[in-house]
Amino acid sequence: MTRSPATLLLARHGQTVWHAENRYAGVSDIALTDEGRRQARQLGEWAARSEVDAIWTSTVSRAIETARPACEALGLAPRREHELRECDFGEVEGRTLAEFAAEHPERAREYRADPVAHPFPGAEDPRAAAARGTAALRRIADGHPGQRVLVVAHNTLLRLVLCELLSIPLGAYRRVFPRLRNTAVSEVRIGAQGGALLSLNVPCAPDGPGAQGVPEVPRVPGVRP
């Protein structure tokens, strides 16, 4: 008997000090800013008026703290998955791409052209990150057939996973998905036939841009909108 597909509501955690300055925060455990905590409360308010059956987060504190208001609003205990942690950015942890480019212009150029073939020095292999993140989401989906699950994780990890689920070349993730906004929700359906993207980057705040529920459409190389 085929299981009903699960709907995963993917949200990037709230703003941190490093993200406010556009610094790479991967394995570093960086706290939310006041703005990040406000965004977390907005996500909790969104969850309270949405159909959410379970909540999962990565094991990094900024994701856990972002999910806390939603858990409290729904009376749900958070579940944690270590494989949903952010990618390790190696030598660029805590730095901006501009700072890296000033010291290593050729390496930065290669990274911009294909961040999977040319990751930062000492960084986690993006292919491995995509594989672990995708496997984690599939396990979550298998455990919640027919349910809607809020998953709070991280910008680069989620973009890689979206490419993997949608059969988009991993090396195009920065171009196809330029950015997942803090606490915006992207809806995917995962079942036996694979993954489907239902909406992208929809703000959880009722007065935010695109709040009427009109999703952004990812731009796939070679495919006209």
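All residue numbers refer to positions counted from 1 along the written sequence of the respective chain. Reporting in this predicted model follows two pLDDT cut-offs: at least 70 for local features of residues, and 80 or more for side-chain atom pairs to be given and counted; totals over whole chains, interfaces and linings ignore these cut-offs and use all residues. The basis for every side-chain value is the complete set of non-hydrogen atoms in the structure, without hydrogens or water.

A.B. asks: How should I be thinking about the nonpolar core in this particular structure?
C.D. replies: When a protein is soluble and globular, its nonpolar side chains tend to lie buried together. By size, the foremost hydrophobic cluster in this structure holds 43 residues, and its most contacted members are Leu8, Leu10, Leu84, Phe120, Leu137 and Leu160. In this description a helix means any DSSP run of H or I spanning at least four residues, a strand means any run of E spanning at least two, and both kinds are numbered starting from the N terminus. The element best represented in this core is helix H7 (residues 155-166), accounting for seven residues. It only takes one pair of heavy atoms within 4.5 Å for two residues to be counted as in contact. The residues contacting Leu10, other than those within four sequence positions of it, are Leu137, Val151, Leu158, Leu162, Ala184, Val185, Ser186 and Val188. Only buried Ala, Val, Leu, Ile, Met, Phe, Trp, Tyr and Cys residues count toward a nonpolar core, and they belong to the same one when joined by side-chain atoms within 4.5 Å. Note on exposure labels: buried denotes an accessible area under 20% of the residue type's maximum, exposed denotes more than 50%, and partly exposed covers the range between, all computed with a 1.4 Å probe on protein chains only. Within the second largest apolar cluster, 15 residues are counted, among which are Ala47, Cys71, Leu150 and Val185.

A.B. asks: Where do I start with the packing of helix H2 (residues 34-48) against helix H3 (residues 61-74) in this structure?
C.D. replies: Packed helix pairs are specified by the crossing angle of their axes together with the interaxial distance, meaning the distance between the axes. Orientation of H2 relative to H3, taken along the N-to-C sense of each, is 30 degrees, at an axis distance of 7 Å. Regarding H2 and H3, the two cross each other, and that crossing is right-handed. Contact with H2, carried on its side by Ala40, Arg41, Leu43, Gly44, Ala47 and Ala48, involves Glu65, Thr66, Pro69, Ala70, Ala73 and Leu74 of H3 and no other residues of that element. Put simply, Ala, Val, Leu, Ile, Met, Phe, Trp, Tyr, Cys and Pro go in the nonpolar bin, Asp, Glu, Lys and Arg in the charged bin, and everything else, Gly too, in the polar bin. For the contact of H2 with H3, the per-class residue count stands at eight nonpolar, two polar and two charged. As a rule, the C-alpha atoms of each element are fitted with a line to give its axis, helices using only the stretch in contact, and angles between N-to-C directions run from 0 to 180 degrees. Handedness of a crossing is defined here by the sense of rotation of the near helix relative to the far one, left-handed for an anticlockwise turn of less than a right angle and right-handed for a clockwise turn.

A.B. asks: What am I meant to see in unusual backbone geometry here?
C.D. replies: The phi torsion of most residues other than glycine is negative, and most of the peptide bonds are trans. Positive phi, close to 60 degrees, is recorded for Thr183, a residue that is not glycine. With respect to the helices and strands, Thr183 occurs in the loop between helix H8 (173-176) and strand S5 (185-191).

A.B. asks: It is not clear to me how the packing of aromatic side chains should be interpreted in this structure. Could you clarify?
C.D. replies: Two aromatic rings are characterised by how far apart their centres lie and by the angle between their planes. Here the aromatic set is Phe, Tyr and Trp, taking the six-membered ring for Trp, and pairing holds for ring centres within 6.5 Å; pairs whose planes are under 30 degrees apart are stacked, those over 60 apart are edge-to-face, and all others are tilted. Scanning the entire structure with this criterion turns up four aromatic pairs. The interplanar angle of 20 degrees and the centroid separation of 4.0 Å between the aromatic rings of Tyr111 and Phe120 together place this pair among those described as stacked. Exposure class is identical for Tyr111 and Phe120. Each is buried.

A.B. asks: Would you take a moment to explain the pairing of strand S6 (residues 194-202) for this structure?
C.D. replies: The side chains of a regular strand alternate, first on one face of the sheet and then on the other. If DSSP finds at least two bridges between two strands, the strands pair. Direction of pairing for S5 relative to S6: antiparallel, over a ladder of six bridges. Counted as the bridge partner of Val185 is Val202 from S6. Taking the residues between adjacent antiparallel strands as the criterion, S5 and S6 are bridged by two residues.

A.B. asks: Can you walk me through the pairing of strand S1 (residues 6-12) in this structure?
C.D. replies: With seven of seven residues buried, S1 is to be regarded as a mostly interior element. Here S1 shows two buried faces, one formed by Ala6, Leu8, Leu10 and Arg12 and the other by Thr7, Leu9 and Ala11. The pairing of S1 with S5 spans six bridges and is antiparallel. Each residue of the ladder has a partner; that of Leu9, found in S5, is Glu187. Relative to strand S4 (residues 148-153), S1 is paired through six bridges, and the arrangement is parallel. Note that in S4 the partner of Ala11 across the bridge is Val152.

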